[in-house]
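One-letter residues, chain by chain:
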Amino acid sequence: SFQRIKIFASLKDKYASMPQPERFGHIMYDFLSQVDVPVADNDVIAGRYVDQTLNEEEEKFFREFTQDQNNVYKTSVFDTGHCTLDWEDLINSGLTGLKKRAEDSLKLKTQEDKKIFLRGAIKFYDAVINFINRYADNALRCGKSEIAAVLRSLTQGAPESFKAAVQLCWIVAFIDCAYITYNPTLSVGRLDRYLYPLYKKDIESGKLNREEAKAIILDYYCKHNLIMGRGEHQLGDDATTTGFSRILNFDAPQYLAIAGTDEFGKPVVNDLTLLMAESIVPRFKNPVFVVRYYEGMADDYPELWSVICKKALESSSLMIYNDNDVISAFSSAGVPEADARNYEHFGCNWAGLGKDSCWMFSAPFSDKFCPEMTQKEREELKVHYMCTNSSGGWVEDFTEALKKVARESDNCNIEGLYAEFLNRLRNFLRIKLERIKLELSVRNRHPSAILTFGDCFRVPPILTATANNASAAKYHFEIQSFMCLASVADCFTAVDYLVFRNRKLSVEKLLEAIDANFEGYDDVLAMCRNVEKFGSDGDLSNYHAVRLANEYLRVLREEALPYAEKYRIILMPSLQSDTHNIKMGERFGASVDGRLKGQPFSLNSRPQLGSCTGGLTGMLDALLHLPFRGFASGSLNLDVQPSMFGGEKGEKLFESILKTYFDKGGLHVQVTCQDVSELLDAQIHPENHRDLTVRVTGYSGIFVDMTKAVQDYVIARMKN
C-alpha cells in the first residue's frame, strides 16, 4: 500500500496537461511498470502485493497523500466500485481482443472527445499487458516456468485453458481492488458459468484433473483473501480498523455467484459449480459466495445442496438468494425478464443489473463530468443517494406521521396513519427520482469526459466511446431500501392494537410516553412490549408487516416506473439496512413498539431481536408471509448455535429447513453458526480467536476486530 501511494504521488503532475481519459491510461501504464510483481513459492496463479508496517516518516507521507485534494485518485484515477464487469467477454476476447475492439472503434470516430476516450482505453490495455509481461519475467526468474507461460499467453490472445482464464480474471480484479478503487466490492461474476467451457475442455482432453482444478480455485480464493485488511468498515474505529485509505479493499469483499438459472430460466449448475462450492474456505472473509437458488434446486442437485448447507454451518462467507424472487422484483421494477435474469449481487448485500448497468452512487462526482454546472445544480446533487427521509429512518417517519394524525381528529385511525406514512414515502421518492434524473442529465452533457477502469471491461463504452457512468449503461439503478421493516411494522401493530382496536391508550398518552423515553410510564412500556411482534407469526403482526411491505412496493412502483420507462432509471426495492439499524437507533428516541431511546432497530429483513417467540421455524414462517417476489435484496441473518445442527442428522435437518424456506419463496439466508461461549471468550482473549468470523450483513467480519459495541450486538443476535 505504501509503494502504491509513493508511485502515484510521483505521477501527480506528470500528465497534468492531458485530458482525463489519456491521463488515466498513461498514469496506469507508468504505475504498472514500476510497482512490484512478487511471486511466492506456493503461488499457483500470480498477483499479490507485499504490504509493510510504516515507520514514522512513511506514516507522515501516507497521511499527506490521503489529505491532498489533488492526488491522482481525485483528479485522474477514479474508482468504479460496487459493480460487475463483463467477465464473460474478457474470457472470450482476452486483453488483445479488448484492445483491438477499441482500436477498431477509434477508426470510426470523428469527435475528438471520443477519440481521446478510446486512446486512453488503448493505453490502459497496454498497461495491463505490460504488467502481465513483467509478472511473467519475474515468475521465470523465480523458477515458476508454468506460471510464466500462462501469463505470457495472456499477452498474445484470449485464454485457451481453465488456468489461464482464472489467471486473467484474477489479474483484472487484483488491479482494480488493490490499486484503483476505494471500497471496490467488485462482483467477479458467475465464474462457474463463464469458466465452465474451458474447464470442461481441459478435463475431457486430459490436460487437467479435478484436483488440479481445485488447487487453482483455492489459490484464486487465497488471493482474494490476501488483499483484505483488518476490521469492519461500517462501525469500526481507528483502534480496530485498517481503513480504505490504507488498503483499498480492506473490508470490501468480492462477490462470486454460483448456480442459478440462465436468461431462459434453465439451470446452469455443473461440475465446476460443485467444485467451487467444495473449495470454499470457511475462515476466509473473501470472496463472498452468492448461491443463486432456484426453486427445486435442492432436489435437482442434492450433493451440491448438501455441500452449500455444510459450508453455511461452518460460518463461511456465503449467502443464498432466491433467483425467482430477485428476477421477479426487477421485472416488477420495469426491467425486461431477460435482463432481470442477468442480475448480480455486490456491495453489502445488494442486487444490481449486471455488466451493462451503472449504480448511480458509485460513479465519479458530477462536477468531474461537467465542471460548468450551476451552483443550484451542485446544491441539489449533494444528497441524491438517500434511503430514508431522516436520520432516524422510517421509524422516525412513522412517529412523525403518528404525531400528525393525532392532531387531526377526523383522520386519527389506522387508515389515516397508513395514508400519512405513505404520503411521506411518496414525497421522498419524488425528490430522489428527480435528483437521479438531474445527475444523469449533468453526466450526459459530456459523456466521454471521464474514463474509468470499469469502462475498459465493458463492451458498450468502447463501442460508443462514452462512459458507462453516463450514456453507455443500459440501466441506471439506485437502491431503495425499506430499512428496518420489522420495527416499523411493530410500531403499526402496537398503535393499532393499543389505541384503535382495544382503546387501552390514547395517542396523546402514547406520544407522551415515548417523548419521556417511557420514564414514569412503566405501565405504557409494559403494554407496548407485550403487543405481539413480527416474527412471532401472530395474525395482527403478520397483517401489518405484509400490508406495510405491499403498500411500500405499490407506492414505489407508481412513482418509479415512469422513470424506468422514460429514463432507464431503476429503483431497486430492498429490505437492507446494513448496520444503519444501529446508527439510526442511536440517533432516535424511544418508539411505540417499546424500544428505548438509542437502542437498535430491526436488522435488514429480520424481525427485531427477542420477537421470534416461536423459534427459528416460527420466524421463517412469519417471513414467508412477506411479498418477497417484490424485493431484489434483503439479507436474513440466521444465527444458530452449533449444537442445534450438529452431526449428520443435524446437517440433514438444516438442509431440509432451508430447502423448505426457499422452495416456498424465501428471499435470502446468511448463516453465523458460532457458540456464544466462544464469542464471549474471544472478547476476553482475542489472541486465541484471530480468525473467528461472523456474518455482518452482506459480508463477514473478524469478530475480534470489531468494536465492543458491535461484538455485544452480534452476541445479542446469537442469543435471540
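Attention in this report is confined to the structure presented alongside it. (Residues numbered from 1 in each chain as written. Predicted model: local features only at pLDDT ≥ 70, side-chain atom pairs only at ≥ 80, totals over all residues. Heavy atoms only, no water.)

1. Digging into the overall build of the chain
- Helix and strand content of the chain: 31 helices and 13 strands.
- For 720 residues, the compact-globule estimate of 2.2 N^0.38 gives 27 Å, and the chain sits close to it at 26 Å.
- On the principal axes, the C-alpha backbone points of the chain span a range of 80 × 65 × 55 Å.
- When burial is assessed residue by residue, the chain has 62% of its 720 residues classed as buried.
- The long-range fraction of contacts in the chain, counting pairs at least 24 apart against all pairs at least 6 apart in sequence, stands at 77%. (Helix = DSSP H or I, 4+ residues; strand = E, 2+ residues; numbered from the N terminus. Rg over C-alpha atoms; globule rule 2.2 N^0.38 Å. Buried < 20%, exposed > 50% of the residue type's maximum accessible area, 1.4 Å probe, protein only. Contact = heavy atoms within 4.5 Å.)

2. Focus on the pattern of salt bridges
- A full pass over the atoms with the stated rule returns 52 salt bridges.
- Linking Asp 202 and Lys 201 is a salt bridge whose minimum nitrogen-to-oxygen distance equals 3.4 Å.
- Classification of Lys 201 by relative accessible area gives partly exposed; the value is 37%.
- For Arg 717, the salt bridge goes to Asp 639, with nearest N and O atoms at 2.9 Å. (Salt bridge = Lys/Arg side-chain N within 4 Å of Asp/Glu carboxyl O.)

3. With respect to the layout of surface pockets
- The computed volume of the second largest pocket comes to approximately 350 Å³.
- Lining the second largest pocket we find 19 residues, and of these Lys 533, Asp 593, Gln 608, Leu 609 and Ser 611 sit closest to its centre.
- Secondary structure elements with two or more residues in the lining of the second largest pocket: helix 25 (522–530) and helix 31 (708–719).
- Of the residues that constitute the lining of the second largest pocket, the class distribution is five nonpolar, eight polar and six charged. (1 Å grid on protein atoms, 1.4 Å probe; cavity = no way out; pocket = protein on both sides within 12 Å on 5 of 7 lines; lining within 4 Å. Points joined across faces, edges and corners; volume = space filled by probe spheres on them. Nonpolar A, V, L, I, M, F, W, Y, C, P; charged D, E, K, R; others polar.)

4. Let's talk about empty space enclosed by the protein
- Throughout the structure, instances matching the rule amount to five cavities of 30 Å³ or more.
- Looking at the largest cavity, it is lined by 21 residues, and the ones nearest its centre are His 82, Cys 83, Ser 357, Trp 359 and Arg 458.
- For the lining of the largest cavity, the elements supplying multiple residues, two or more each, are strand 5 (344–346), strand 7 (357–359) and helix 22 (468–472).
- Ranked by residues supplied to the lining of the largest cavity, first place goes to strand 7 with three residues.
- Tallied by class, the residues present in the lining of the largest cavity amount to six nonpolar, twelve polar and three charged.
- Approximately 70 Å³ is the volume found for the second largest cavity.
- Ala 329, Ser 332, Ala 333, Leu 553, Leu 556, Arg 557, Ala 560, Leu 561, Leu 571, Pro 573 and Gly 630 are the residues that line the second largest cavity.

5. Points about helix 26 (residues 539–567)
- Between its first and last C-alpha, helix 26 extends 41 Å over 29 residues, near the 42 Å set by a 1.5 Å rise per residue.
- Of all the bends found along helix 26, the most pronounced is centred on Ala 560 and spans about 35 degrees, while Pro 562, a proline, follows it within four residues.
- Backbone geometry just after helix 26 places Arg 568 at a positive phi near 60 degrees. (Expected span 1.5 Å × (residues − 1). Bend = angle between axes of the 7 residues up to and from the residue.)

6. Quick word on the sheet that holds strand 7
- One open sheet accounts for three strands, arranged 7-8-9; its pairing is parallel. Only two strands of the sheet have a single partner each, and these edge strands are strand 7 and strand 9 (569–574). The mean inter-strand angle of the sheet, taken between neighbouring strand axes irrespective of direction, is 35 degrees.
- With six bridges connecting them, strand 8 (residues 475–481) and strand 9 associate as parallel partners. Of the residues in strand 9, the one forming a bridge with Gln 480 is Pro 573.
- Here helix 20 (residues 414–443) sits on the sheet and contacts strand 7, strand 8 and strand 9; the angle it forms with strand 9, its principal contact strand, is near 140 degrees. (Pairing = 2+ DSSP bridges. Axes fitted to C-alpha atoms, helices over the stretch in contact; angles between N-to-C directions.)

7. Some details on unusual backbone geometry
- The omega torsion across Asn 286 and Pro 287 is 0 degrees, close enough to zero to call that bond cis.
- Within the secondary structure, Pro 287 sits in the loop between helix 12 (271–278) and strand 3 (288–293).
- Unusually for a residue other than glycine, Asn 183 sits at a positive phi of about 60 degrees.
- Structurally, Asn 183 can be placed in the loop between helix 8 (162–180) and strand 1 (187–189).
- A relative accessible area of 15% places Asn 183 in the buried class.
- Phi is positive for Asn 604, which is not a glycine, with a value near 50 degrees.
- You can see Asn 604 is positioned in the loop between helix 27 (580–587) and helix 28 (615–623).

8. Remarks on the pairing of strand 11 (residues 668–673)
- Most of strand 11 sits inside the fold, with six of its six residues counted as buried.
- Burial along strand 11 is two-sided: His 668, Gln 670 and Thr 672 and Val 669, Val 671 and Cys 673, pointing in opposite directions, are all buried.
- In the sheet, strand 4 (residues 318–322) pairs with strand 11 via three bridges, with the strands oriented antiparallel. Opposite Met 319, over in strand 11, you have Gln 670 as the bridge partner.
- In the sheet, strand 10 (residues 637–640) pairs with strand 11 via four bridges, with the strands oriented parallel. Across the sheet, the residue bridging to Asp 639 is Thr 672, located in strand 11.
- Following the chain from strand 10 across helix 29 (residues 647–663) to the adjacent parallel strand 11, one finds a crossover that is right-handed. (Right-handed = clockwise from strand over helix to strand, strands pointing away.)

9. Comments concerning the state of the cysteines
- Inspection of the entire model under this criterion finds zero disulfides.
- Left unpaired, Cys 309 is separated from the closest cysteine sulfur, that of Cys 673, by 12 Å.
- Here Cys 456 stays free of any disulfide, with the sulfur of Cys 83 as its closest cysteine sulfur at 12 Å.
- Relative accessible area serves as the criterion here: at 1%, Cys 456 is assigned to the buried category. (Disulfide = S-S within 2.5 Å.)

10. With respect to the packing of aromatic side chains
- Within this structure, the stated rule accounts for 41 aromatic pairs.
- Arranged with centres 5.4 Å apart and planes meeting at 85 degrees, the rings of Trp 394 and Phe 428 form a pair that is edge-to-face. With Trp 394 in helix 19 (residues 393–406) and Phe 428 in helix 20, this pair connects stretches of sequence that are 34 residues apart.
- Phe 428 sits in the buried class, given a relative accessible area of 2%.
- Pairing Phe 453 with Phe 457 gives two aromatic rings, centres 4.9 Å apart and planes at 45 degrees, and the pair type is tilted.
- Look at Phe 453 and you get buried, because its relative accessible area is 0%.
- Every member of this aromatic cluster is reached through a ring pair, and the members are Phe 8, Phe 31, Tyr 49, Phe 65, Tyr 73, Trp 170, Phe 174, Tyr 179, Tyr 220, Tyr 221 and Phe 289.
- The ring of Tyr 29 has Lys 123 lying over it, and the distance from NZ or CZ to the ring centre is 4.2 Å. (Phe/Tyr/Trp six-rings, centres within 6.5 Å; stacked < 30°, edge-to-face > 60°. Lys NZ or Arg CZ within 6 Å of the ring centre and 35° of its normal.)

11. Some points on the side chain of Asn 542
- Take Asn 542: it is sitting in helix 26.
- We classify Asn 542 as buried; its relative accessible area is 7%.
- Once residues lying within four places of it in the same chain are set aside, the contact partners of Asn 542 are Phe 534, Asp 537, Ala 622 and His 625.

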